[in-house]
Each structure stands twice: as C-alpha cells, then as structure tokens.
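Structural features, examined
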Amino acid sequence: MPAKTATLKRKPKVEPTVGGSTYVKPDQIDWKPSPFPGIQIKVLYEDKAKGELTCLLKWEPGASLPMHRHPEIEQTWVLEGSFYDHDGICKAGEYVWRTPGSIHETHSDTGAVILAIYRKPNMFYRKSGETTSGYDT
C-alpha cells in the first residue's frame, strides 16, 4: 500500500476531556433577589472576567426591567409566561435575541421565567443619570 493511502486511513486518537462538562441542576439552586423589584435570579454559569452570564430570571406579574443597553448580543428563551418590549411580545416556548448596542426596557404583565444568555453585562440607565452594569449592582 502506498504511504499516502496508509496516512489517509490512520485516524488520530481523540479522547474526551475528563471533567470538561459541568452539569447544573437549577432546581437545587435558590432564587436570589436581583436589584430590580419583582425579578429574581438563578445563576447557571458566570465568567465575571469576560462578562458572560447564563441565568434564569423569574418575573412576578407587573415586573419591569428599566431602560438598558446590550453591549453584546442577548439571547432569551421564555420558559413560562411572557414578557415584552417596544418591538413585540415573547411567550412561553418562544425565543428572542437583541442586537449589540440595542436599548430598551422590558415588562411582564403575566409573570415569566426566562433563560437569558449574555456575552457582556447589560448597562442599566438609572434615574440619577448614572449607568450600572449586570444583575448584581
């Protein structure tokens, strides 16, 4: 068999990374208050140095998230209830993503549980004029 054919038939040995997967059980994590009335959080993954956050957010009926900017893409899957902004409403089983640099505020009349994925923390505009970031501000 020519050397070229033998090389093509050899496959490199690839092994799984032991300990490379982190399994999270959200039902074993307590809901914690956020800085926003009526909204609680369960952090599923966070890398503060990079600004990455994946979390569950539980909205009580009537809760609102104040005006904020998304420095990077935000992705949201609605698990229960619904929430909305000026562009539309996202209901249970639906998904919405926000473009980098977009600004909006969100509301839930019915209450909601959402899975939110952030590449960078939201920048919140406070009534005082200051800007804060993230859900632990």
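The following refers to the structure shown. (Residues numbered from 1 in each chain as written. Predicted model: local features only at pLDDT ≥ 70, side-chain atom pairs only at ≥ 80, totals over all residues. Heavy atoms only, no water.)

Bringing the overall build of the chain into the picture now. Secondary structure assignment for the chain yields one helix and eleven strands. Evaluated residue by residue, the chain yields a buried proportion of 31% over its 137 residues. Accessible surface, the chain: about 9100 Å² in total, of which carbon and sulfur atoms supply 55%. (Helix = DSSP H or I, 4+ residues; strand = E, 2+ residues; numbered from the N terminus. Buried < 20%, exposed > 50% of the residue type's maximum accessible area, 1.4 Å probe, protein only. Areas by Shrake-Rupley, 256 points an atom, 1.4 Å probe, with all protein chains shown as cover.)

Per the counting criterion, the structure on display carries one cavity of 30 Å³ or more. Space inside the largest cavity adds up to approximately 50 Å³. Surrounding the largest cavity, 13 residues form its lining, Leu65, Glu74, Phe83, Thr106 and Tyr118 being those nearest its centre. Elements represented by at least two residues in the lining of the largest cavity include exactly strand 3 (52–59), strand 4 (64–69), strand 5 (74–85), strand 8 (103–107) and strand 9 (112–118). (1 Å grid on protein atoms, 1.4 Å probe; cavity = no way out; pocket = protein on both sides within 12 Å on 5 of 7 lines; lining within 4 Å. Points joined across faces, edges and corners; volume = space filled by probe spheres on them.)

One pass over the structure, following the stated rule, counts two aromatic pairs. Seen from their ring centres, Phe36 and Phe124 are 4.6 Å apart, and the 40° between their planes marks the pair as tilted. Of this pair, Phe36 sits in the loop between strand 1 (32–33) and strand 2 (39–47) while Phe124 sits in strand 10 (residues 123–125), and the two are 88 residues apart along the sequence. One exposure class covers both Phe36 and Phe124, and it is buried. On the basis of an interplanar angle of 50° and a centroid distance of 5.6 Å, the ring pair of Trp59 and Phe83 is categorised as tilted. With Trp59 in strand 3 and Phe83 in strand 5, the pair connects residues that are 24 residues apart, well separated along the chain. A single burial state applies to Trp59 and to Phe83, both of which are buried. (Phe/Tyr/Trp six-rings, centres within 6.5 Å; stacked < 30°, edge-to-face > 60°.)

The tally for this structure, following the rule as stated, stands at four salt bridges. The residue Arg98 makes a salt bridge to Glu74 at a minimum N-O spacing of 3.3 Å. On the criterion of sequence distance, the pair formed by Arg98 in strand 7 (residues 95–98) and Glu74 in strand 5 is long-range, its members being 24 residues apart. Accessibility assignment for this pair places Arg98 and Glu74 in one class, buried. Via salt bridges that share partners, Glu74, Asp85 and Arg98 belong to a single interconnected network. (Salt bridge = Lys/Arg side-chain N within 4 Å of Asp/Glu carboxyl O.)

Turning next to the pairing of strand 4. In this sheet, strand 8 lies alongside strand 4 in antiparallel orientation, the contact comprising four bridges. When the sheet's bridge partners are listed, His68 is paired in strand 8 with His104. Two elements, strand 4 and strand 10, share two bridges in a ladder whose sense is antiparallel. Its bridge partner lying in strand 10, His68 is registered against Phe124. (Pairing = 2+ DSSP bridges.)

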